[in-house]
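# A closer look at the structure
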Amino acid sequence: MFSFIKWFSTLIENAKKKKGLWFTLLTTVSLMGIFASLYFVNFLVSDVAQKTYENQKNHYVLGFKNKIISQNEYTEAVALSISKNKDIANEFFSNDENSTKNIDKKSKAIVNKINSALGKKSLSISYEETSKAEKIIGIDITKKGAVFKSSVPMLDKNGTITNVVLTKNIDTLVENYQKEDKAFAFLLTESSSHKIDRALKKSVYESCHDKFYIKSTAYDKSFVDQLKSVDFGGKLEENGFIKDSKYFYVYQKVYDIDGDYAGLAFVAEQVKDDNSFVNLVKNLVNSVTMVALGLIVSMLLFLF
């Protein structure tokens, strides 16, 4: 170690005696230090940008999960209120031949009242018979498409359990996200698409990346077209998000009430002005890079 230090000191002393060699050595070391610093700055800024995108992705995913919980709780609450309605229960036990009509009339009146209060027609009601008295809540793929479903036991008549079923189309989330200035789309897997009525599938659904189907009539056409151009593999699958010139996309896999992989939910923010977080991150990276480049030029001028 001592011999190396002595050798290095001798090298420096000899270089100082030869001004040309000393200047070349000093310039080389300085440039190496400058470019190493530039690399570190760019790495640091890129790392911050990546973490910002990941944080935004987590925020979107959490928001989507909360919306799913909220919609499930909503349909469950309405289903429970109908299942506990004594008038409807009495109609079920009635031997009156008009009881079925009365049941439909009374239950739909409750649903219509709720839809009217919300200014929407999003809820649908039906009844199903089963041998198990169990509550089923979650996303289901029906003949009419993907829905939030709550199936709640209402009564047991002669050993047959009758459930009241409330459903709400998943496409109603479009309006929720529009209020947040974001776009939403749900893509069915090929296996899930087979559960949809053939005529309905043919008329309103279209293929997306060969493996998925999208109800194009439910979403903004320009967003659907842009979504079709996104590479579903690569960075999107690896990071859970991707950005292009128009949108920052985040996706989340969706599973149905049976635990089967049902499709992909996409949430996207449009990159349309300087206030969007994507442009803010991009401007930050560009600004820091320009400052670093300016510093290099200034130091080079100082050296010469």
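Here the structure is shown first, and the text comes after it.
Every chain begins its residue count from 1, and numbering advances along the sequence as written. pLDDT decides what is reported in this predicted model: residues at 70 or higher carry local features, side-chain atom pairs at 80 or more are listed and counted, and totals for whole chains, interfaces and linings draw on all residues regardless. With hydrogens and water excluded, all non-hydrogen atoms of the structure serve as input to the side-chain values.

Okay, the overall build of the protein chain next. Where helices and strands are cited, they refer to DSSP runs of H or I of at least four residues and of E of at least two residues respectively, numbered from the N terminus. From N to C terminus, the protein chain includes 10 helices and 10 strands. Buried means the residue's accessible area, taken with a 1.4 Å probe over protein chains only, is under 20% of the maximum for its type, while exposed means over 50%, and partly exposed covers the values in between. Out of the 304 residues in the protein chain, the part that is buried amounts to 38%. By definition, residues are in contact when any of their heavy atoms lie within 4.5 Å. Once local pairs closer than 6 in sequence are excluded, the contacts in the protein chain between residues at least 24 apart make up 58%. Per-residue and other accessible areas follow the Shrake-Rupley method at a 1.4 Å probe size, with only the shown protein chains counted as cover for residues. Of the roughly 18,500 Å² of accessible surface on the protein chain, 56% is carried by carbon and sulfur atoms.

Attention shifts here to the sheet that holds strand β4 (residues 160-169). If you trace the four strands from one edge of the open sheet to the other, you get β1-β4-β3-β2, paired in antiparallel fashion. Two strands bound the open sheet, and with one partner strand each, they are β1 (123-130) and β2 (136-142). Direction aside, the axes of adjacent strands within the sheet are offset by 35° on average. Both strand β3 (residues 145-157) and β4 contribute to a ladder of 10 bridges, which runs antiparallel. The residue bridging leucine 155 from the neighbouring strand is threonine 162, located in β4. Should DSSP find at least two bridges between two strands, the strands are regarded as paired. Lines fitted to C-alpha atoms define the axes here, with helix axes fitted over just the stretch in contact, and angles between the N-to-C directions of these axes take values from 0 to 180 degrees.

Before going further, it helps to spend a moment on the packing of aromatic side chains. Two rings belonging to Phe, Tyr or Trp (six-membered ring only in the last case) form a pair when the distance between their centres is within 6.5 Å. Interplanar angles under 30 degrees mark stacking, angles over 60 mark edge-to-face geometry, and anything in between is tilted. The tally for this structure, following the rule as stated, stands at 11 aromatic pairs. Both rings, one in phenylalanine 64 and one in phenylalanine 184, keep their centres 6.3 Å apart while their planes meet at 25°; by these two values the pair is stacked. Residue phenylalanine 64 is found in helix α2 (residues 19-83), and its partner phenylalanine 184 is found in strand β5 (residues 183-189); the two are separated by 120 residues along the sequence. Phenylalanine 64 gets classed as buried once you look at its relative accessible area, which sits at 4%. Through successive ring pairs, a cluster of aromatic residues spans Phe212, Phe232, Tyr251 and Phe266. Put simply, a charge is over a ring when the Lys NZ or the Arg CZ is close to the ring centre, within 6 Å, and near the line of the ring normal, within 35 degrees. In this structure, lysine 201 is placed above the aromatic ring of tyrosine 213, and the distance from its NZ or CZ to the ring centre is 4.4 Å. We note lysine 253 situated over the ring of tyrosine 261; from NZ or CZ to the ring centre the distance is 5.2 Å.

Below, the discussion takes up the layout of surface pockets. Cavities and pockets were defined on a 1 Å grid built over protein atoms only: a cavity is a set of grid points that admits a 1.4 Å probe from which the probe cannot escape, a pocket is an open set flanked by protein on both sides within 12 Å along at least five of seven lines, and lining residues are those with an atom within 4 Å of any such point. Grid points are joined across faces, edges and corners, and a volume is the space filled by probe spheres set on the points. Here the largest pocket defines a volume of roughly 300 Å³. Contributing elements (two or more residues each) for the lining of the largest pocket: β1, β2, β3 and β4. Each residue is assigned to one class: nonpolar for Ala, Val, Leu, Ile, Met, Phe, Trp, Tyr, Cys and Pro, charged for Asp, Glu, Lys and Arg, and polar for all the others, Gly among them. Residue composition of the lining of the largest pocket, by class: three nonpolar, six polar and five charged.

Note that β2 and β3 share seven bridges and pair antiparallel. Looking at β3, one finds that threonine 142 is bridged to glycine 145. In sequence, β2 turns back onto β3 through a hairpin of two residues.

This part takes up the pattern of salt bridges. Throughout this description, the term salt bridge denotes a Lys or Arg side-chain nitrogen within 4 Å of a carboxyl oxygen of Asp or Glu. Scanning the model with the defined rule gives seven salt bridges in all. One salt bridge in this structure joins glutamate 206 and lysine 228, with 2.0 Å as the shortest N-O distance. Placement of the pair is glutamate 206 in strand β6 (residues 205-208) and lysine 228 in helix α8 (residues 221-228), with a sequence separation of 22 residues. Take glutamate 206: its relative accessible area is 26%, and that puts it in the partly exposed class. According to the relative accessible area criterion, lysine 228 is partly exposed, its value standing at 31%.

Look at any regular strand and the pattern is simple: side chains alternate between the two faces of the sheet. Among the seven residues of β5, seven are classified as buried, and the element is accordingly described as predominantly covered. With six bridges joining them, β5 and strand β10 (residues 261-270) adopt antiparallel strand pairing. Its bridge partner being in β10, alanine 183 is matched across the sheet by alanine 268. Note that β5 and strand β7 (residues 212-215) share three bridges and pair antiparallel. From the neighbouring strand, threonine 189 faces β7, where its bridge partner is phenylalanine 212.

Purely geometric stuff here, so don't read any function into it on its own.
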